[in-house]
Amino acid sequence: MQKHTSINRQVLLASRPTGKPTVSNFKLVETPIPEPQDSQVLLKTLYLSLDPYMRGRMSEAPSYAPPVKLGDVMCGGTVSRVISSRHPQFKEGDLVLGYAGWQDYAISDGRDLQPLGEMGQPSLALGVLGMPGFTAYMGLMDIGRPQKGETLVVAAATGAVGSVVGQIGKIMGCRVIGIAGNPEKCHYAVAELGFDACLNHHEAKLEDILREACPEGIDIYFENVGGKVLDAVLPLLNNKARIPVCGLIADYNRTALPEGPDRLGLLMSLILRKRLLLQGFIISLDYGPRYQEFRQPMEQWVREGRIKYREDIALGLEKAPEAFIGLLEGANFGKLVVKL
Ligand SMILES: NC(=O)c1ccc[n+]([C@@H]2O[C@H](COP(=O)([O-])OP(=O)(O)OC[C@H]3O[C@@H](n4cnc5c(N)ncnc54)[C@H](OP(=O)(O)O)[C@@H]3O)[C@@H](O)[C@H]2O)c1
């Protein structure tokens, strides 16, 4: 068995945030590297995925998954190398996708691991070829059901999910309007990703510029953010529009319901009159068994250059808290990954 003398750095959840997380909610500690027992492997983390859902795991508010306990290692998807194995199905050197969390090393009994084979760019297993790409594909294809000539609007348009949604929309023959947080992101969405237009959600009259960009209304709104973007989209929805409700990142740091008049009645009236379909989904709970449906076309599209991707790589585990806080405010440009 290979010997490792270095320590295991871990980022723990030190306290629960109220509103925006701060670096003091996390604590970096050093512990001894654990030894694998029979039927276990020792993993060295190469890449850690940072994703918006982690904000939910930091909170005790009811959710579809339990919170991270105070003092526990922050959860997270990882690409790791097996550096020693006492497990019959894994050998030293294997590259695996797992859920080792925010730490340099982890023990696994193999049940949460997927072999990756050798990949030129293993971090893609956390992005376009992994959970966010899968989310984009199933949410759009299964709930959004894009038809040629339809208008698709997607926010967080240059992010891990939104960038893939918009590009699949183009492949399906839709007119695609992105919404993103600054002019550089908007330029990238049009010039690199091939969207028909991209609007900055910080513009004062978002509803007006969105109306101009969608002269035939909106047939699919892929909901990633909520908040004022949803407000601008609602009046433009066409009859029978589909709204895959994937995420509401604008609300993740909220501590109370938004102020202003109750608009639930307006929303229900729109759902009825326009026969809208709004459907929430959680990729791991609702689509896990359909992963192969996504993998084959996506690998091909990426190989052919029809789906492009961009990664935002933070260097070093100690950068994870700051990078994660930035993700919730649009500081990332592309799929946010930590390289350890
Ligand atoms: N349902 C599921 O199973 C599932 C799975 C994966 C992800 N998701 C959801 O999908 C969404 C996108 O996730 P991702 O991993 O692809 O993240 P991402 O887009 O790579 O990063 C998050 C982006 O959200 C945007 N944003 C943040 N606050 C905003 C606000 N107040 N208003 C508008 N935009 C805001 C920022 O982009 P701009 O600078 O462009 O505004 C930021 O870069 C999230 O809501 C996430 O929770 C859901």
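Worth saying up front: this structure is predicted, and the values here are computed from it rather than measured. (Residues numbered from 1 in each chain as written. Predicted model: local features only at pLDDT ≥ 70, side-chain atom pairs only at ≥ 80, totals over all residues. Heavy atoms only, no water.)

Digging into the overall build of the protein
Right, on to step 1. Across its full length, the protein holds 10 helices and 15 strands.
Right, on to step 2. Rg of the C-alpha trace for the protein: 21 Å, near the compact-globule value of 20 Å for 340 residues, within the 12% margin.
Right, on to step 3. Taken over the C-alpha atoms alone, the protein extends approximately 65 × 45 × 35 Å along its principal axes.
Right, on to step 4. Expressed as a percentage of contacts within the protein between residues at least 6 apart in sequence, the contacts between residues at least 24 apart total 67%.
Right, on to step 5. Surface exposure of the protein reaches about 16200 Å², of which carbon and sulfur atoms provide 53%.
Right, on to step 6. A gap of 2 Å separates the mean positions of the 37 positive and 37 negative side-chain charges of the protein. (Helix = DSSP H or I, 4+ residues; strand = E, 2+ residues; numbered from the N terminus. Rg over C-alpha atoms; globule rule 2.2 N^0.38 Å. Contact = heavy atoms within 4.5 Å. Areas by Shrake-Rupley, 256 points an atom, 1.4 Å probe, with all protein chains shown as cover. Lys, Arg positive; Asp, Glu negative; His and termini not counted. Charge placed at Lys NZ, Arg CZ, Asp CG, Glu CD.)

Regarding the site of the ligand
Right, on to step 1. Around the ligand, the structure places 27 residues, and the nearest of them are Lys185, His201, Tyr252, Ile283 and Asn332.
Right, on to step 2. Residue Phe281 places a main-chain N or O atom 2.7 Å away from a nitrogen atom belonging to the ligand.
Right, on to step 3. The protein chains hide 90% of the 910 Å² of surface that the ligand would expose on its own.
Right, on to step 4. Of the residues contributing to the shell around the ligand, the split by class is 17 nonpolar, 9 polar and 1 charged.
Right, on to step 5. In this structure, the shell around the ligand is formed jointly by two domains, domain 1 (3–122 + 310–339) and domain 2 (131–284), each of which donates at least three residues. (Near = heavy atom within 4 Å. Polar contact = N/O pair within 3.5 Å; in protein donor to acceptor, adjacent residues only side chain to side chain. Nonpolar A, V, L, I, M, F, W, Y, C, P; charged D, E, K, R; others polar. Domains from an automatic or database assignment.)

What to know about the sheet that holds strand S10 (residues 197–200)
Right, on to step 1. Read across the sheet, 6 strands follow the order S10-S9-S8-S11-S12-S13 without closing on themselves; strand pairing throughout is parallel. Of all the strands in the sheet, just S10 and strand S13 (277–280) have a single pairing partner and so form its edges. Neighbour-to-neighbour, the strand axes of the sheet open up by a mean angle of 15 degrees, direction not taken into account.
Right, on to step 2. Of the pairings in the sheet, the one linking strand S9 (residues 175–180) to S10 comprises 4 bridges and is parallel in character. Along S10, the bridge assignment pairs Ile179 with Leu199.
Right, on to step 3. Across the face of the sheet, helix H2 (residues 131–144) comes into contact with strand S8 (151–155), strand S11 (218–222), strand S12 (237–245) and S13 while running at roughly 145 degrees to S11. (Pairing = 2+ DSSP bridges. Axes fitted to C-alpha atoms, helices over the stretch in contact; angles between N-to-C directions.)

Observations concerning the environment of Thr45
Right, on to step 1. Within the element layout of this structure, Thr45 appears in strand S3 (residues 41–49).
Right, on to step 2. Taking the C-alpha atoms as reference points, Thr45 and Val338, 293 residues apart in sequence, are found 9.9 Å from one another.
Right, on to step 3. With near-sequence residues (within four places) excluded, Thr45 lies in contact with Thr78, Val79, Ser80, Ala100, Gln103, Asp104, Tyr105 and Leu340.
Right, on to step 4. At a separation of 2.7 Å, a polar atom in the side chain of Thr45 contacts the main-chain carbonyl oxygen of Gln103.

Let's talk about the pairing of strand S5 (residues 95–98)
Right, on to step 1. Of the two faces of S5, the one holding Leu95 and Leu97 and the one holding Val96 and Gly98 are both buried throughout.
Right, on to step 2. Both strand S4 (residues 78–85) and S5 contribute to a ladder of 4 bridges, which runs antiparallel. Of the residues in S5, the one forming a bridge with Ser80 is Val96.
Right, on to step 3. Note that S5 and strand S7 (residues 114–115) share 2 bridges and pair antiparallel. (Buried < 20%, exposed > 50% of the residue type's maximum accessible area, 1.4 Å probe, protein only.)

Observations concerning the pairing of strand S14 (residues 311–315)
Right, on to step 1. With 5 bridges joining them, S14 and strand S15 (residues 335–339) adopt parallel strand pairing. From the neighbouring strand, Glu311 faces S15, where its bridge partner is Lys335.

A short note on the packing of aromatic side chains
Right, on to step 1. Taken as a whole and assessed by the stated rule, the structure comprises 11 aromatic pairs.
Right, on to step 2. Look at Tyr137 and Trp301: their rings are 6.2 Å apart centre to centre, the planes differ by 45 degrees, and that puts the pair in the tilted class. With Tyr137 in helix H2 and Trp301 in helix H9 (residues 291–303), the pair connects residues that are 164 residues apart, well separated along the chain.
Right, on to step 3. When its relative accessible area of 10% is taken as the criterion, Tyr137 is described as buried.
Right, on to step 4. Measuring from ring centre to ring centre gives 5.5 Å for Tyr291 and Phe294, while their planes differ by 55 degrees; the resulting arrangement is tilted. Residue Tyr291 and its partner Phe294 are located together in helix H9, separated by 3 residues, close to a single helical turn. (Phe/Tyr/Trp six-rings, centres within 6.5 Å; stacked < 30°, edge-to-face > 60°.)

A few points about unusual backbone geometry
Right, on to step 1. The backbone of Ser39 sits at a positive phi, close to 65 degrees, despite the residue not being glycine.
Right, on to step 2. You can see Ser39 is positioned in the loop between strand S2 (26–32) and S3.
Right, on to step 3. The exposure class assigned to Ser39 is partly exposed, which follows from its relative accessible area of 40%.
Right, on to step 4. Residues other than glycine seldom take positive phi values, yet Ala156 does so here, at roughly 50 degrees.
Right, on to step 5. Take Ala156: it is sitting in the loop between S8 and helix H3 (162–171).

Description of the side chain of Asp94
Right, on to step 1. As for its placement among the helices and strands, Asp94 is situated in the loop between S4 and S5.
Right, on to step 2. By relative accessible area, Asp94 is classed as buried at 17%.
Right, on to step 3. A polar atom in the side chain of Asp94 sits 2.9 Å from the backbone nitrogen of Lys91.
Right, on to step 4. With residues up to four places along the chain from it excluded, the contact list for Asp94 reads Ser80, Arg81, Val82 and Gln89.

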